[in-house]
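So the chains spell out like this:
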Amino acid sequence: MKLQKIIAPALAVLLSSAALPGLANATVTVLGWPGGSEETALRTTVEAYNKSASDADKVELLFFNRDGFYDKLQADMAAGSDAFDINLVATYTIGRYAPYMEPVDLGPDAAKVFGDSVLKTMQFDGKQYGVPTDLSLHFMYYRKDLIDALLKDDAAKKTYSELAKKVLGKDLQPKDPDSWTWDDWAATALYFSKQANPDSPVRYGTVLQMKNLLFNMMVFQSLPRSYGANWMDDSGNITVDSDAYKTGLQLYKTLYDAGASPKDSLSYEYPETNAAFAAGQAATALQWNAAAADLTSADKSPAVADVTGIVAPPAGSNGRADHIHGLGLGLNKNAKNKEGAIKFLKWLATEDAALTYARGGGSPALMPDIVAKIASERPDLVKLGEFASKYGYVMNGATSANALSVYELQAKEFTGYWSGQQSLEDALAHTKTGMQDLLKK
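Note that this is a predicted model, so its numbers are computed, not measured.

Here we take up the overall build of the chain. When helices and strands are tallied, the chain shows 20 helices and 15 strands. Taken along the three principal axes of its C-alpha coordinates, the chain extends 70 × 50 × 40 Å. Residues classed as buried in the chain amount to 57% of the 441 residues present. Long-range pairs, those at least 24 residues apart, make up 74% of the contacts in the chain between residues at least 6 apart in sequence. Surface exposure of the chain reaches about 17400 Å², of which carbon and sulfur atoms provide 49%.

What follows is about helix α9 (residues 182-191). In terms of residue burial, α9 counts as a mostly covered element, since ten of its ten residues are buried. Residues W182, D183, D184, W185, A186, A187, T188, A189, L190 and Y191 constitute the buried set of α9.

A full pass over the atoms with the stated rule returns 22 salt bridges. For R143, the salt bridge goes to D145, with nearest N and O atoms at 2.9 Å. By relative accessible area, which is 9% here, R143 ends up buried. The closest approach of N and O atoms between D294 and K300, which form a salt bridge, is 3.0 Å.

The next point concerns the environment of Y142. Checked against the element boundaries, Y142 lands in strand β8 (residues 138-143). When its relative accessible area of 12% is taken as the criterion, Y142 is described as buried. In sequence terms Y142 and F387 are 245 residues apart; their C-alpha atoms lie 17 Å from each other. Each residue touching Y142, except ones within four places of it in the same chain, is listed here: I147, P177, W180, F277, A283, T284, V307, T308, G309, I310 and V311.

So, on to the side chain of T415. Here T415 is to be found in helix α19 (residues 403-418). Judged by relative accessible area, which is 10%, T415 ranks as buried. A distance of 3.1 Å separates a polar atom in the side chain of T415 from the backbone oxygen of M210. Within polar-contact distance, the side chain of T415 engages the backbone oxygen of A411 at 2.8 Å. Those residues in contact with T415, other than ones at most four positions away along the chain, are M210, K211, N212, L266 and Q410.

The subject of this paragraph is the packing of aromatic side chains. One pass over the full model with this rule turns up 28 aromatic pairs. Ring geometry for Y49 and F344: centres 4.9 Å apart, planes at 75 degrees, overall edge-to-face. With Y49 in helix α2 (residues 36-52) and F344 in helix α15 (residues 338-348), this residue pair connects regions lying 295 residues apart in the sequence. For Y49, a relative accessible area of 6% puts it in the buried group. Positioned above the aromatic ring of Y417 is the side chain of K253, whose terminal nitrogen or guanidinium carbon lies 5.7 Å from the ring centre.

With that settled, consider the nonpolar core. Ranked by internal contacts, the top residues of the largest apolar core, which has 147 residues, are Y70, W185 and Y252. Here this core takes nine residues from α19, the largest share from any one element. Discounting chain neighbours no more than four positions away, the residues touching Y252 are W185, L208, M210, V219, F220, L223, L286 and W418.

One turn of the α-helix equals 3.6 residues, which is why residues spaced by three or four share an orientation. The terminal C-alpha atoms of helix α12 (residues 243-257) lie 21 Å apart, and with 15 residues this matches the ideal 21 Å at 1.5 Å per residue to within 8%. Of all the residues in α12, the buried ones are A244, Y245, G248, L249, L251, Y252, K253, L255 and Y256. Residue G259 follows α12 closely and has a positive phi angle near 80 degrees.

With respect to burial, strand β2 (residues 59-63) is a largely interior element, four of its five residues being buried. Examined bridge by bridge, strand β1 (residues 28-32) and β2 share five bridges and lie parallel to one another. By the bridge assignment for β2, V30 is matched with L61. Crossover β1 to β2 through α2 is right-handed.

Across the sheet, three strands lie side by side as β9-β8-β10; this open sheet has antiparallel pairing. Each edge of the sheet is formed by a strand with only one pairing partner; in this case those strands are β9 (284-288) and β10 (308-311). When strand polarity is set aside, the average angle formed by the axes of neighbouring strands in this sheet is 30 degrees. Direction of pairing for β8 relative to β9: antiparallel, over a ladder of five bridges.

Parameters and conventions
- Residues numbered from 1 in each chain as written.
- Predicted model: local features only at pLDDT ≥ 70, side-chain atom pairs only at ≥ 80, totals over all residues.
- Heavy atoms only, no water.
- Helix = DSSP H or I, 4+ residues; strand = E, 2+ residues; numbered from the N terminus.
- Buried < 20%, exposed > 50% of the residue type's maximum accessible area, 1.4 Å probe, protein only.
- Contact = heavy atoms within 4.5 Å.
- Areas by Shrake-Rupley, 256 points an atom, 1.4 Å probe, with all protein chains shown as cover.
- Salt bridge = Lys/Arg side-chain N within 4 Å of Asp/Glu carboxyl O.
- Polar contact = N/O pair within 3.5 Å; in protein donor to acceptor, adjacent residues only side chain to side chain.
- Phe/Tyr/Trp six-rings, centres within 6.5 Å; stacked < 30°, edge-to-face > 60°.
- Lys NZ or Arg CZ within 6 Å of the ring centre and 35° of its normal.
- Core = buried A, V, L, I, M, F, W, Y, C linked by side-chain atoms within 4.5 Å.
- Expected span 1.5 Å × (residues − 1).
- Pairing = 2+ DSSP bridges.
- Right-handed = clockwise from strand over helix to strand, strands pointing away.
- Axes fitted to C-alpha atoms, helices over the stretch in contact; angles between N-to-C directions.

Take a look at the structure:
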């Protein structure tokens, strides 16, 4: 993400009651993650909390823009701001923000709701710094109707194989998505792209998130990771200039250049990918799990809701891999209302609150007996737990204080390669040099 420093006057305007009506009267102010299902779920959950809360305990919400969010938050917290009592925290930012936060005791029932491993995504130096509201990883979304038709059509299979050979240099046949390698996915993306196959029933085979944005690197990196990629080895040597990263970067560029993804994909992130798939314009999309609630909703995505399938990301030579991290909410050290904030955080860690958050579209990772209560409503949450346990990973160095800066660096250099502004070799060389500075021990 293109992070920007925020100056005090601008922040004062942002937090003024004029900019955010009613904020001045808030008893407990929560700074959440803006946009997407996380915001929707948090609003729903806070509304439920406020219905039974006394006037002294009511909660109001505050949201920054997504662009520059983490730098804005760090600048604010480092300055000792008390403009919010509770703030967003993520697995990859806990070390960065812990000096400005206070640990919280969520009580013994929290482990019964989330489990110890999920609670640890919000821990730093053995202390609990937040409630894990969302577990994030990636699903491969695909159009079941299109794939089923392809698998039954001999002429279509022939076209598929010809495209795979011509563009990828591989002899491939269509497969069930749950058996896909990345090459299988790429061949499928080519087949369902009008530019590569004029007879395709949809315009694009996939929707790549290629904007110069740090979160897009999290989506992308499961591809090279499945071929054995890592940020650095156990000795601290940067290993980004590997064949695994080259394979992933080249495959994205091949698909982009072939028209398998929209030409403006270089400006795409979460919302654009969701919109394109939901509109029925794409056959596949590697997207955050948070999108499942919308893409399978007849109200929100009527064009594709009934025909959207979900599997784990495809396999590389090292099997499947799925980036994982947690988002949560924790206590600002300079909170004005710590008592009210702690009360809300403890409630947020209860079963009722977690189920409310899930029904609101959020993606909490819940214990099996609890997720079973909403399995029919949110089958994606069952897959969330399954994929996380089987394929979840964290890059070596991805929880360091400079982890976000590494993702920023990769976004800048990799997007430069995909857009044709620099060679693959230069992109990886620049990334390696920058990571050596950011991750040096």
